[in-house]
Amino acid sequence: MSVLPEDWALPAPTAITEAWFTSRTIAVQTCAECGSRQHPPEELCHRCGAMSFTYPALSPNGTLHSYTVAHYAVNRALAPHVPYAVVLVSLDDAPELRVIGNMPGVPIEDIRIGMPVVAIWEEHHADDASVVHLPQWQPR
Ligand SMILES: [Zn+2]
């Protein structure tokens, strides 16, 4: 079950976001100069300003840091899915980083701050036949 409708605009991966959206791993942008990790991926390292990165796959395990429940559909396409949870996950391998997502198929009343979660990937096909894998979260 996906929260996003099939015709939802998908991210168009770029050189700096491709690993995140296509690798089916928690590929966190890591500075090749100073080793600092950052998410979401950006052009420059926040610590040293370097522009070269690696994208090592971290553990798919995380801890639910916070969440909110959307009761109002900000886009008409989301109306069939309200209420739904938007979760913020702290990665076990990089607790300083937070990743946003949903917990598809998990009843809202079962979602708790501090619960251990694991990434799953939703496969979406764009109009140009490219495939994007969006990380989502499930209890573990
Ligand atoms: Zn750096």
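Here, the structure is the one placed above.
Notes on the structure follow. Note that the coordinates shown come from a computational prediction; the quantities given were computed from them, not determined experimentally.

Focus on the overall build of the chain
Helix and strand counts for the chain stand at one helix and 10 strands. Helices and strands in the chain line up, N terminus first, as α-β-β-β-β-β-β-β-β-β-β. Here the C-alpha atoms of the chain give a radius of gyration of 16 Å, agreeing with the 14 Å that 2.2 N^0.38 yields for 140 residues. The proportion of buried residues among the 140 residues of the chain is 39%.

Quick word on the coordination of the zinc ion
Any two of four tetrahedral donors ideally make an angle of 109.5 degrees at the metal, while pairs among six octahedral donors ideally make 90 or 180 degrees. On the protein side, the zinc ion has C31 (SG), C34 (SG), C45 (SG) and C48 (SG) as donor atoms, found 2.3 to 2.4 Å from it. Viewed at the metal, the four donor atoms of the zinc ion are separated by angles of 103 to 116°, and the geometry they form is tetrahedral. The motif formed by the donor residues of the zinc ion, counted along the single chain, is C-x2-C-x10-C-x2-C. Residue C34 is found in the loop between β2 (29–31) and β3 (37–38), and its partner C45 is found in the loop between β3 and β4 (53–54); the two are separated by 11 residues along the sequence. Relative accessible area serves as the criterion here: at 30%, C34 is assigned to the partly exposed category.

Observations regarding the pattern of salt bridges
Enumeration according to the criterion identifies two salt bridges in this entry. The salt bridge involving E96 is made with R37; its shortest N-O contact spans 3.6 Å. You can see E96 sitting in strand β8 (residues 94–101) and its partner R37 sitting in strand β3, a full 59 residues away along the chain. For E96, a relative accessible area of 48% corresponds to the partly exposed category. Judged by its relative accessible area of 29%, R37 falls in the partly exposed class. The shortest N-O distance in the salt bridge between D92 and R140 comes to 2.7 Å. Of this pair, D92 sits in the loop between β7 (84–91) and β8 while R140 sits in the segment after β10 (131–139); the two residues are 48 residues apart in sequence, bridging distant segments of the chain.

Some remarks on the pairing of β8
The pairing of β7 with β8 spans five bridges and is classified as antiparallel. Note on β8: the bridge partner recorded for L88 is I100.

Regarding the sheet that holds β3
Read across the open sheet, the three strands follow the order β3-β2-β4; overall the sheet is antiparallel. What marks the edges here is a single partner per strand, and that holds for β3 and β4. Of the pairings in the sheet, the one linking β2 to β4 comprises two bridges and is antiparallel in character. Across the sheet, T30 pairs through a bridge with T54, a residue of β4.

Examining the environment of P135
Checked against the element boundaries, P135 lands in strand β10. By relative accessible area, P135 is classed as buried at 8%. The spacing of P135 and W8 is 127 residues in sequence and 16 Å in space, taken between C-alpha atoms. When residues no more than four places from it in sequence are discounted, the contact partners of P135 are W20, I120 and W121.

The rules we used
- Residues numbered from 1 in each chain as written.
- Predicted model: local features only at pLDDT ≥ 70, side-chain atom pairs only at ≥ 80, totals over all residues.
- Heavy atoms only, no water.
- Helix = DSSP H or I, 4+ residues; strand = E, 2+ residues; numbered from the N terminus.
- Rg over C-alpha atoms; globule rule 2.2 N^0.38 Å.
- Buried < 20%, exposed > 50% of the residue type's maximum accessible area, 1.4 Å probe, protein only.
- Donors = N, O, S within 2.8 Å, 3.2 Å for Na, K, Ca; no water.
- Tetrahedral: all angles 85-135°; square planar, octahedral: opposite > 155°, others 65-115°.
- Salt bridge = Lys/Arg side-chain N within 4 Å of Asp/Glu carboxyl O.
- Pairing = 2+ DSSP bridges.
- Contact = heavy atoms within 4.5 Å.

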